Amino acid sequence: NLQITLTALNGACGQNGSIKVNVSGGSPNFIIEWDGIVDGSTTTNASNFTINNLPAGSYTIKVTDANWCTTSKVLAVASTPANLFTATPTHGTCD
C-alpha cells in the first residue's frame, strides 16, 4: 500500500523552501513529481527524498511506484519575508 508523508521546510528571510517526501509501502523505483509554482520530477529508489529550491506556494506531490501504484498530496511552502528595517532620524541638540 503506497503512502507518502510530506513535510514543508519553509524558507527564511525571503529564501526558497523545500519539501521532504517520505515514501512507505510500494516498490522502488519511485517517480516523484511536483506541480506548483515550480514543476519537476525525478526517479529514485530511496524512500526519502527532498525537493529543494521551491518558492512559496502550494504544491501537489505525486508518487508512482514500480507497479504503477500512485498517490498524491497537496502541501504549501511558505517563506518569511526578509527583515526590513526602518530608520527614523532624530535631530541633534545644541547646548
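Relevant structure appears above.
Conventions adopted
Residues numbered from 1 in each chain as written. Predicted model: local features only at pLDDT ≥ 70, side-chain atom pairs only at ≥ 80, totals over all residues. Heavy atoms only, no water. Pairing = 2+ DSSP bridges. Helix = DSSP H or I, 4+ residues; strand = E, 2+ residues; numbered from the N terminus. Axes fitted to C-alpha atoms, helices over the stretch in contact; angles between N-to-C directions.

## Comments concerning the sheet that holds strand E5 (residues 48–54)
Alright, step 1. Within the open sheet, the three strands sit side by side as E1-E2-E5. Their pairing is antiparallel. On the outer flanks of this sheet lie strand E1 (3–9) and E5, each paired with one strand and no other. Each neighbouring strand pair of the sheet contributes to a mean axis angle of 20°, computed without reference to strand direction.
Alright, step 2. By the bridge criterion, seven bridges tie E1 to strand E2 (residues 17–24) in an arrangement that is antiparallel. Note that in E2 the partner of Thr 7 across the bridge is Lys 20.

## Focus on the sheet that holds strand E6 (residues 57–64)
Alright, step 1. Pairing is antiparallel in the open sheet, where four strands are placed in the order E4-E3-E6-E7. Looking at the sheet topology across the chains shown, the edges are occupied by strand E4 (40–44) and strand E7 (70–77). When strand polarity is set aside, the average angle formed by the axes of neighbouring strands in this sheet is 20°.
Alright, step 2. One ladder, built from five bridges, connects strand E3 (residues 30–35) with E6; its direction is antiparallel. Within E6, the residue paired with Asp 35 across the bridge is Thr 60.

## Focus on the pairing of E7
Alright, step 1. Pairing between E6 and E7: eight bridges, direction antiparallel. When the sheet's bridge partners are listed, Thr 64 is paired in E7 with Thr 70.

Purely geometric stuff here, so don't read any function into it on its own.
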